[in-house]
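Chain residues, written in single-letter form:
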Amino acid sequence: MKYFNFARYMALVPLIFGLTQCDVIEAIHNPKPKEGPYSFDLILKTSPKAEVTLKSAENLYVDAFYYGHAKPAFIGEADTLHRIYLGREIFKYANSARRVHLYGSPLDAKKLPQTSEGEPQVLVSVDSTGMPGKAVTCHTFTGSIRLARQKPPVLFCELETESYWANEGASH
């Protein structure tokens with residue numbers, strides 16, 4: 001009959017406790033933004049070469065620029081493309097992510113009355129880390145967050161040197 005070796009299992013307690021503390025520490029230093037009225041998902045569709053390359057890439061970087069087209073009275077506060085800046089967020093995702101979530105948390109809704117649409121627009125780009133010629137880049141998405149929430153936009157991704165998705169056009 002085997003006896004329960006209490007001492008051996010007690011030696012694992014600090015290891016288990018330490019591993020759970022990593023998650024707690026990570027949550028404190030990098031808290032997930034709260035869900036909000038401007039959160040939405042993107043779906044990434046990759047070419048075969050991009051899929052292979054992403055296995056060795058470190059991360060995907062998603063850059064979302066939130067804006068609205070300026071009403072005539074607010075043109076002086078807009079950029080050269082007549083956009084009112086509403087916020088920006090940059091997220092890092094694992095290279096295996098094919099669906100990414102944006103929170104819209106930095107969006108300044110107080111500026112929406114300055115925009116002609118009255119609702120936020122977004123310009124999203126997605127890129128990976130990689131050597132020149134081996135980096136993956138995705139078509140951009142430009143459009144309203146309302147539409148992106150209704151149906152997640154599909155961004156077509158390929159190596160920066162290929163034209164795999166040329167017939168798909170921009171991802172919007």
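Quick note: structure is the one above.
These notes cover the structure that comes with them.

1. So, the overall build of the protein
When helices and strands are tallied, the protein shows 4 helices and 8 strands. The order of α-helices and β-strands along the protein, N terminus first, is α-α-β-α-β-β-β-β-β-β-α-β. Per-residue burial for the protein yields a buried fraction of 38% across its 172 residues. The contacts of the protein with a sequence gap of at least 6 include a subset with a gap of at least 24, amounting to 68%. Per element, the accessible surface of the protein, about 10,900 Å² overall, is 60% carbon and sulfur.

2. Regarding the pattern of salt bridges
Counted according to the given criterion, the structure contains 5 salt bridges. The residue Arg 88 makes a salt bridge to Asp 63 at a minimum N-O spacing of 2.3 Å. Of this pair, Arg 88 sits in strand β3 (residues 83-94) while Asp 63 sits in strand β2 (residues 59-69), placing them 25 residues apart in sequence. Judged by relative accessible area, which is 17%, Asp 63 ranks as buried.

3. Looking at the packing of aromatic side chains
If you walk through the whole model with that rule in mind, you get 4 aromatic pairs. Taken together, a centroid distance of 5.8 Å and an interplanar angle of 25° make the contact between Phe 65 and Tyr 67 stacked. Relative to Tyr 103, the ring of Phe 91 has its centre 5.6 Å away and its plane inclined at 55°; by these criteria the two rings are tilted. Remark: Tyr 103 occurs in the loop between β4 (99-102) and β5 (121-128) and Phe 91 occurs in strand β3; sequence separation between them is 12 residues. One aromatic cluster is present, formed by Phe 65, Tyr 67 and Tyr 85 through successive ring pairs. For Arg 83, the ring lying beneath its charged end belongs to Tyr 67, and the centroid distance is 5.5 Å.

4. Remarks on the environment of Gly 68
Structurally, Gly 68 is set in strand β2. Among the residues examined, Gly 68 registers a relative accessible area of 0% and is labelled buried. Taking the C-alpha atoms as reference, Gly 68 lies 5.4 Å from Pro 120; in sequence the two are 52 residues apart. For Gly 68, the residues in contact, after removing those within four places along its chain, are His 82, Arg 83, Ile 84, Leu 86, Thr 115 and Glu 117.

5. What about the environment of Gly 36?
By secondary structure assignment, the location of Gly 36 is in the loop between α2 (13-29) and β1 (40-46). Classification of Gly 36 as partly exposed rests on a relative accessible area of 23%.

6. A look at the side chain of Gln 121
Mapped onto the fold, Gln 121 is located in strand β5. Among the polar contacts listed, one links the side chain of Gln 121 to the backbone nitrogen of Ser 144, at a separation of 3.3 Å.

7. Structural notes on the state of the cysteines
In total, this model carries 1 disulfide according to the counting rule given. For Cys 138, the disulfide goes to Cys 157, at an S-S distance of 2.0 Å. Disulfide Cys 138-Cys 157: the torsion about the S-S bond is 100°, which places it as right-handed. Placement of the pair is Cys 138 in strand β6 (residues 136-138) and Cys 157 in strand β8 (residues 154-159), with a sequence separation of 19 residues.

8. Considering the pairing of β1
Burial within β1 is extensive, with 5 of its 7 residues counted as buried. Taken together, the 4 bridges between β1 and β4 define a ladder with antiparallel strand orientation. Counted as the bridge partner of Asp 41 is His 101 from β4. Relative to β8, β1 is paired through 4 bridges, and the arrangement is parallel. Within the sheet, the bridge partner assigned to Leu 44 lies in β8 and is Leu 155.

Calculation notes
- Residues numbered from 1 in each chain as written.
- Predicted model: local features only at pLDDT ≥ 70, side-chain atom pairs only at ≥ 80, totals over all residues.
- Heavy atoms only, no water.
- Helix = DSSP H or I, 4+ residues; strand = E, 2+ residues; numbered from the N terminus.
- Buried < 20%, exposed > 50% of the residue type's maximum accessible area, 1.4 Å probe, protein only.
- Contact = heavy atoms within 4.5 Å.
- Areas by Shrake-Rupley, 256 points an atom, 1.4 Å probe, with all protein chains shown as cover.
- Salt bridge = Lys/Arg side-chain N within 4 Å of Asp/Glu carboxyl O.
- Phe/Tyr/Trp six-rings, centres within 6.5 Å; stacked < 30°, edge-to-face > 60°.
- Lys NZ or Arg CZ within 6 Å of the ring centre and 35° of its normal.
- Polar contact = N/O pair within 3.5 Å; in protein donor to acceptor, adjacent residues only side chain to side chain.
- Disulfide = S-S within 2.5 Å.
- Pairing = 2+ DSSP bridges.

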